[in-house]
Amino acid sequence: MDIILLGPPGAGKGTQAHRLVEHHGMRQLSTGDMLRGAVSTGTPVGLKAKAIMDRGDLVSDDIVSELIDAELTAMGPATGAIFDGYPRTEAQAQMLDGILEKHGRKLDHVIELEVDEDALVERITGRFTCANCGAGYHDKFNKPETPGVCDRCGSTEFKRRPDDTEETVRKRMGLYRAETAPILPGYEARGIVNRVDGMAAIEEVTHAIDCILAD
Ligand SMILES: [Zn+2]
């Protein structure tokens, strides 16, 4: 089973990918991680990539294809792949099809964790943590029992992440849409795009993904 997992920041993609790895023994193939891994272990493609990056150039699609090819060979046919952050263009999507075919595999599902943008803004801009013990709170969904006092340690100091602003959330959503727009139509046409409500509870999202994989 090979899938692409898509979802904007805040949709819980990392959590769900981690669960797929834990529960189904799948392997998450993130191009950034593969690249760093290949460079640090000094594989032939890693050395090639390092030379390109040392020149300050961007790693080409061919290099990324080589990385995926090597990774699939190392994984073997029994392990499913979760593609993360790749492909980003129609050309890369076609390349991915070619690589998978070479390994006797195919892309089974594109799973997109959908979010309601306004609800995501509310979820992210409302969160804050205790500056002392790190306990997590939310202005609306998870307030301290006594306003201004941490339930866990009694501290009255709290902090917010500076990038948890509406502007940042909406900008990230815009970037996400721009990134996925080139590849979604092609996969839609093949009827392999499945959408899951990323705003649901973590367990529910996991269950929905499991149902898609079992289909
Ligand atoms: Zn605390």
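Structure: above.
A quick note: this is a predicted structure, and the numbers were derived from the prediction, not measured.

Draft legend 1. Region of interest: the overall build of the protein. For the protein, the helix and strand inventory stands at 9 helices and 8 strands. Based on the C-alpha atoms only, the size of the protein along its principal axes is roughly 60 × 45 × 30 Å. Taken over 215 residues, the protein has a buried fraction of 39%. Contacts in the protein between residues far apart in sequence, at least 24 positions, make up 68% of those at least 6 positions apart. Per element, the accessible surface of the protein, about 11700 Å² overall, is 52% carbon and sulfur. One way to put it: in the protein the 25 positive side-chain charges average out to a point 4 Å from where the 36 negative ones average out.

Draft legend 2. Spotlight on the coordination of the zinc ion. Taken together, the protein ligands of the zinc ion are Cys-130 (SG), Cys-133 (SG), Cys-150 (SG) and Cys-153 (SG), with distances of 2.3 Å. Bound by 4 donor atoms, the zinc ion shows angles of 103 to 113° at the metal and therefore tetrahedral coordination geometry. All donors to the zinc ion come from one chain, and their sequence spacing reads C-x2-C-x16-C-x2-C. Of this pair, Cys-130 sits in strand β5 (residues 127-130) while Cys-153 sits in the loop between β6 (136-138) and β7 (158-159); the two residues are 23 residues apart in sequence, bridging distant segments of the chain. Assessed through its relative accessible area of 1%, Cys-130 is described here as buried. A relative accessible area of 34% means that Cys-153 is categorised as partly exposed.

Draft legend 3. Looking closely at the side chain of Asp-84. For Asp-84, the position within the fold is in strand β3 (residues 81-84). On the basis of relative accessible area, Asp-84 is assigned to the buried category, the value being 15%. Among the polar contacts listed, one links the side chain of Asp-84 to the side chain of Gln-28, at a separation of 2.9 Å. Here Asp-84 is in contact with Lys-13, Gln-28, Leu-29, Ser-30 and Thr-31, once residues within four sequence places are set aside.

Draft legend 4. Just the packing of aromatic side chains, in detail. In this structure the tally under the stated criterion is 3 aromatic pairs. Measuring from ring centre to ring centre gives 5.8 Å for Phe-128 and Tyr-137, while their planes differ by 25°; the resulting arrangement is stacked. You can call Tyr-137 buried: its relative accessible area is 6%. Where Phe-128 meets Phe-158, the ring centres are 5.4 Å apart and the plane angle is 85°; that geometry is what we call edge-to-face.

Draft legend 5. Structural view of the packing of helix α2 (residues 31-41) against helix α4 (residues 61-75). Put simply, α2 and α4 touch, their axes get as near as 10 Å, and they point 80° apart. Between α2 and α4, the crossing angle belongs to the class labelled roughly perpendicular. Between α2, through Thr-31, Met-34, Leu-35 and Ala-38, and α4, the contact on the second element is made entirely by Val-64, Leu-67, Ile-68 and Glu-71. Across the contact of α2 with α4, the residue classes break down as 6 nonpolar, 1 polar and 1 charged.

Draft legend 6. A look at the pattern of salt bridges. Tallying each qualifying case throughout the model produces 25 salt bridges. When the shortest N-O distance is used, the salt bridge between Asp-2 and Arg-105 registers 2.7 Å. In this pair, Asp-2 is assigned in strand β1 (residues 2-6) and Arg-105 in the loop between α5 (90-102) and β4 (107-114), connecting sequence segments 103 residues apart. The same class applies to Asp-2 and to Arg-105, which are both buried. Arg-127 is the partner of Asp-164 in a salt bridge, and the nearest nitrogen-oxygen pair spans 2.9 Å. Here the residue Asp-164 occupies a position in the loop between β7 and α7 (166-180), and Arg-127 occupies one in strand β5, the gap between them amounting to 37 residues.

Draft legend 7. Just the packing of helix α3 (residues 44-54) against α4, in detail. It is at 10 Å that the axes of α3 and α4 come closest, and there the two elements cross at 155°. As far as their axial angle goes, α4 and α3 are roughly antiparallel. Judged by the twist between their axes, the crossing of α3 over α4 is left-handed. Listed contacts from α4 to Val-45, Lys-48, Ala-49 and Ile-52 of α3 are Ile-63, Glu-66 and Leu-67. Looking at the contact of α3 with α4 residue by residue, the classes come out as 5 nonpolar, no polar and 2 charged.

Conventions and cut-offs
- Residues numbered from 1 in each chain as written.
- Predicted model: local features only at pLDDT ≥ 70, side-chain atom pairs only at ≥ 80, totals over all residues.
- Heavy atoms only, no water.
- Helix = DSSP H or I, 4+ residues; strand = E, 2+ residues; numbered from the N terminus.
- Buried < 20%, exposed > 50% of the residue type's maximum accessible area, 1.4 Å probe, protein only.
- Contact = heavy atoms within 4.5 Å.
- Areas by Shrake-Rupley, 256 points an atom, 1.4 Å probe, with all protein chains shown as cover.
- Lys, Arg positive; Asp, Glu negative; His and termini not counted.
- Charge placed at Lys NZ, Arg CZ, Asp CG, Glu CD.
- Donors = N, O, S within 2.8 Å, 3.2 Å for Na, K, Ca; no water.
- Tetrahedral: all angles 85-135°; square planar, octahedral: opposite > 155°, others 65-115°.
- Polar contact = N/O pair within 3.5 Å; in protein donor to acceptor, adjacent residues only side chain to side chain.
- Phe/Tyr/Trp six-rings, centres within 6.5 Å; stacked < 30°, edge-to-face > 60°.
- Axes fitted to C-alpha atoms, helices over the stretch in contact; angles between N-to-C directions.
- Parallel < 35°, antiparallel > 145°, perpendicular 65-115°, else oblique.
- Nonpolar A, V, L, I, M, F, W, Y, C, P; charged D, E, K, R; others polar.
- Salt bridge = Lys/Arg side-chain N within 4 Å of Asp/Glu carboxyl O.
- Left-handed = near helix turned anticlockwise from the far one by under 90°.

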